[in-house]
Amino acid sequence: MRSIGPHEYDYLSYPYLSAGADMLEYALQHLCFTGALDLHYWKVAAHPKNPRPVVRLFLARGKTGAPRSLAEAFALSLVPPDRPINLGSCAFA
């Protein structure tokens, strides 16, 4: 029997009260802990008109294999395989 991730535990604990945003957050955190996603802090320009550098958190695909559940596969599909994304900007547009 395979172990369940924190996103699945959240849903099974309170199926009527579990929110999709929380489960997505737990799935992304679980992928970071298992090595499927890597976290990077990089200094980038705050805005094209403001060259002041700020530190942003970026997510990139990790070195581990395929995710184990459909929720993990969906969360991993939000991160493109060829470049890191920043969750604070319009990365999904």
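Higher on the page you've got the structure.
Residues numbered from 1 in each chain as written. Predicted model: local features only at pLDDT ≥ 70, side-chain atom pairs only at ≥ 80, totals over all residues. Heavy atoms only, no water.

Caption draft 1: Structural context of the overall build of the protein chain. Helix and strand counts for the protein chain stand at 3 helices and 3 strands. Each helix and strand of the protein chain, placed in order from N terminus to C terminus, yields the pattern α-α-β-β-α-β. When each of the 93 residues of the protein chain is scored for burial, the buried share is 27%. Taking the contacts inside the protein chain whose residues are at least 6 apart along the sequence as the reference set, 43% of them involve residues at least 24 apart. (Helix = DSSP H or I, 4+ residues; strand = E, 2+ residues; numbered from the N terminus. Buried < 20%, exposed > 50% of the residue type's maximum accessible area, 1.4 Å probe, protein only. Contact = heavy atoms within 4.5 Å.)

Caption draft 2: Seen up close, the sheet that holds strand β3 (residues 85–86). Here 3 strands make up an open sheet; going across it, the order is β1-β2-β3 and the pairing antiparallel. Two strands in the sheet have a free side with no partner beyond their single neighbour: β1 (37–47) and β3. Here β1 runs beside strand β2 (residues 50–61); their pairing, made up of 10 bridges, is antiparallel. Its bridge partner being in β2, Y41 is matched across the sheet by L57. (Pairing = 2+ DSSP bridges.)

Caption draft 3: Up close: the environment of E25. Secondary-structure assignment places E25 in helix α2 (residues 20–34). Here E25 falls in the partly exposed class, since its relative accessible area comes to 40%.

Caption draft 4: A nonpolar patch on the surface, seen in detail. On the surface, L39, Y41, V55 and L57 cluster together into a nonpolar patch covering about 410 Å² of accessible area. Of all the secondary structure elements, the ones that give two or more residues to the nonpolar patch are β1 and β2. Relative to the elements of secondary structure, L57 occurs in strand β2. Exposure remark for L57: the relative accessible area of 34% places this residue in the partly exposed category. (Patch = residues over 30% accessible without salt bridge, like charges linked within 9 Å, V, L, I, M, F, W, Y side chains within 5 Å. Areas by Shrake-Rupley, 256 points an atom, 1.4 Å probe, with all protein chains shown as cover. Salt bridge = Lys/Arg side-chain N within 4 Å of Asp/Glu carboxyl O.)

Limitation: the analysis is restricted to geometry and does not speak to function.
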